[in-house]
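Commentary on secondary and tertiary structure
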Amino acid sequence: MRYAETGINLEIDLSRRNIERVETDPRDTELFLGGQGTAAKIIFERVPADCDAFSPDNLLIFSTGLLHGTPVPSANRVAVNTISPQTNLLAHSLMGGFFGPEMKHAGYDKIILKGKAPELSYIYINNDTVEIRDASHLKGMGCTETGDVLKKELKDDKVQVVAIGLAGENRVYTASMDHGHSSAARGPAPVMGDKRIKAIAVRGTRNVNVAHPGELFALCMKLHKKIAESDGCGDWMAVDEDDSFHHDNFAWGNARTRRRGFWSKELEERWKRLKYDHMERQTSCYNCPKKCRNVIKWPGKNRFGYKCYGKDTYHMAAFKELDFSYEILGIAQEYGLDSYSTPQVFAFAVELYEAGILTDKDLPGFPSDSGDRFFYLMEKVVHREGIGDILADGVWHAARRIGKGAEKFDHNTIKRFEQLPIKLGKLNPPYFLMIATAEKMAITQIEGSFPQDPLPTVEEREAFIKRWEAVPDERFIKYFMEWEKRNEISNEASCAITDWNEAMHYIDDAIGLCGFVSSFRGQFGGGVAYHMNNIPEILTLATGIHFDKEKLWRCFQRNRTLVRAVNVKRGMRRKDERPPEDHWAIRDKGFEQRLLDDYYAFKGWTKDGIPSKATLDFLNLEFVSRNFLENNILTGEENVPLPVVSVKNREAQP
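Keep in mind that what you see is a predicted model, and the values were worked out from it rather than measured.

This brings us to the overall build of the protein. Tallying secondary structure elements over the protein gives 24 helices and 21 strands in all. Taking 654 residues into account, the globule formula puts the C-alpha radius of gyration at 26 Å, and the protein, at 23 Å, falls close to it. Residue pairs at least 24 apart in sequence account for 71% of intrachain contacts in the protein once pairs closer than 6 positions are excluded. With an accessible surface of roughly 23,800 Å², the protein has 49% of that area assigned to carbon and sulfur atoms. Side-chain charges of the protein comprise 89 positive and 94 negative groups, with the mean position of each set lying 1 Å from the other.

On to the sheet that holds strand β11 (residues 182-184), then. The mixed open sheet is built from 6 strands, whose spatial order is β8-β7-β12-β9-β10-β11. The sheet terminates laterally at β8 (129-134) and β11, the two strands that pair on one side only. Looking at each pair of strands side by side, their axes are set apart by 15° on average, direction ignored. Pairing analysis gives 2 bridges linking strand β9 (residues 160-164) to strand β10 (residues 177-179), with the strands arranged antiparallel. The partner of Ala 163 across the bridge, within β10, is Asp 178. Across the sheet, helix α4 (residues 143-153) lies against β7 (121-126), β9, β10 and β12 (197-203), angled at about 140° from β9, the strand it touches most.

According to the domain assignment, the protein consists of domain 1 (8-203), domain 2 (234-418) and domain 3 (429-630). When each unit is reduced to the centre of its C-alpha atoms, the spacing between domain 2 and domain 3 is 29 Å. Between domain 2 and domain 3, roughly 1,200 Å² of surface is buried when both sides are summed, and carbon and sulfur atoms account for 63% of that area. Summed over the three residues of domain 2 that lose the most area to domain 3, namely Trp 236, Ile 414 and Lys 415, the buried surface amounts to 50% of that side. Put simply, domain 2 and domain 3 have 1 salt bridge between them. The partner of Glu 577 in a salt bridge is Lys 415, and the shortest N-O contact between them spans 2.7 Å. Linking domain 2 with domain 3 are 6 residue pairs in polar contact (both at pLDDT 80 or more). Contributions of two or more residues to the side of domain 2 that touches domain 3 are made by β18 (413-414) and β19 (417-418). Taken together, the residues of the side of domain 2 that touches domain 3 break down into 4 nonpolar, 4 polar and 4 charged.

So, how was this worked out
Residues numbered from 1 in each chain as written. Predicted model: local features only at pLDDT ≥ 70, side-chain atom pairs only at ≥ 80, totals over all residues. Heavy atoms only, no water. Helix = DSSP H or I, 4+ residues; strand = E, 2+ residues; numbered from the N terminus. Rg over C-alpha atoms; globule rule 2.2 N^0.38 Å. Contact = heavy atoms within 4.5 Å. Areas by Shrake-Rupley, 256 points an atom, 1.4 Å probe, with all protein chains shown as cover. Lys, Arg positive; Asp, Glu negative; His and termini not counted. Charge placed at Lys NZ, Arg CZ, Asp CG, Glu CD. Pairing = 2+ DSSP bridges. Axes fitted to C-alpha atoms, helices over the stretch in contact; angles between N-to-C directions. Domains from an automatic or database assignment. Buried area = accessible area lost by both parts, 1.4 Å probe. Salt bridge = Lys/Arg side-chain N within 4 Å of Asp/Glu carboxyl O. Polar contact = N/O pair within 3.5 Å; in protein donor to acceptor, adjacent residues only side chain to side chain. Nonpolar A, V, L, I, M, F, W, Y, C, P; charged D, E, K, R; others polar.

Shown next, in the form of structure tokens:
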């Protein structure tokens, strides 16, 4: 019997309308865990290096986490992977809510889509019933609207639906897919639109077996209580009205203008009233005691939900206030637009217009008010009309198609993807590594275990580490205690800290844990629910496979290296590993390159960022090393040390 997972992937060839239930290899569970780990393996083995994102041969994979459907609280994040049309690299996205656990209860670990449907369609899954159905009546509908219509059509309020809006249908690169106000962006939605799949509706009633149910349930009850009571779990921005951090420190407009001192207590009180006067409820994801999503009904607009920084992006890009975000979010979410990258695209277009690069010929009837301009641009982009057809491909591509100096306004993309609008002073070495070498296209999917800044006094640091239960190895305490200035930290520490940050995210992405109770919240000290010291026991009880901390760390190294290998196979090299030129005001290019050298060596990669044959074979990725040798990506003679293991076994803390 398979524990924690179903052992079955649902493979759907949309071109041939062929549906297969494929049994998976249980050895892959022990090696890659699940989620993004096994998805990356499938993409490496089955998607050719020269495959275009909009080719029928590209795969779109929805992966449950290994712990979905088990009693483990807050295990609900679906990994959605494909080749991104925007970056031509592996697209990685996460989506909360109930969709992943419902997939598991229907009997499937993954839904793998290949080919293209001849007409707009949706997929209906109810345990063993799997059908490709006509979706012509859903064409042009919003994401939430599509879900509501399908629930009525299927006469089942419990069916879980993920859908794209008009932006996804029209293959807008910054499109997202939505499931009950949980969204997956950064590449998968335009591929879903290209495959002509409007929605996937899933209903499942099967049990998910675990190896040691009594012990696991007892442990999970304690975790559930801890998550509920801890201020170190969940999205604090759902309830904390002080948002000075983003507004005073993040950049406004096209990621250029910092407005120091913008925040005030009067503003906070006014925005708090706006929020609670229009908030219908706060909602949770599957089996989670936290309510991180605020659901807002703005007069005359669609209902929408947001969490974290997502409520700020539109009004900060347009130099407006919270009421503007409330005006636009309901429409943007129904269209299926990513609220992190899309506002930057709009602000980029406004800058080009004000610089005379775009003119009234490009933007006929362009309004004078910045908010009205955003509504204007949104309609152009989602319909791919006029200049909107160019802007729909994101800032990097649009800048190069527009020309006439537009390239210099593209100052906040990495590997062709828009980043969070942060502009800082002195370089933070671990953050340089995380931003430069990221495979996930957003720092929030990399950072989170180690604090962003040192604490000023020894007493404060000592108080911090007393609650810092997530620390996997004592060396991180030493790094933290000796850290005096943000930009002054050893390369050894920078590499190890980056490695730990990555480890927690890659593990979460494989087993389905929400970063707000795990990988993202450890940087704030005590109270985090999941960490390297307790996840091995949870996995052992759930799967019946013995895990200890070192074995779990090896799973992370394997998955991280495999994702890197997918992108190396597609042509990514050291030359691509660079943050925006103005991300930090003070730069030392020589130091940055030495730091990159040390990081590559730490990982067991070549000077060009390619995992060596010795590293690949050490991590049981021989199928990758064979491919790299056959395609002359490696010679097999690279003299590279094996990757460093950044943990030593340490007893789990109570």
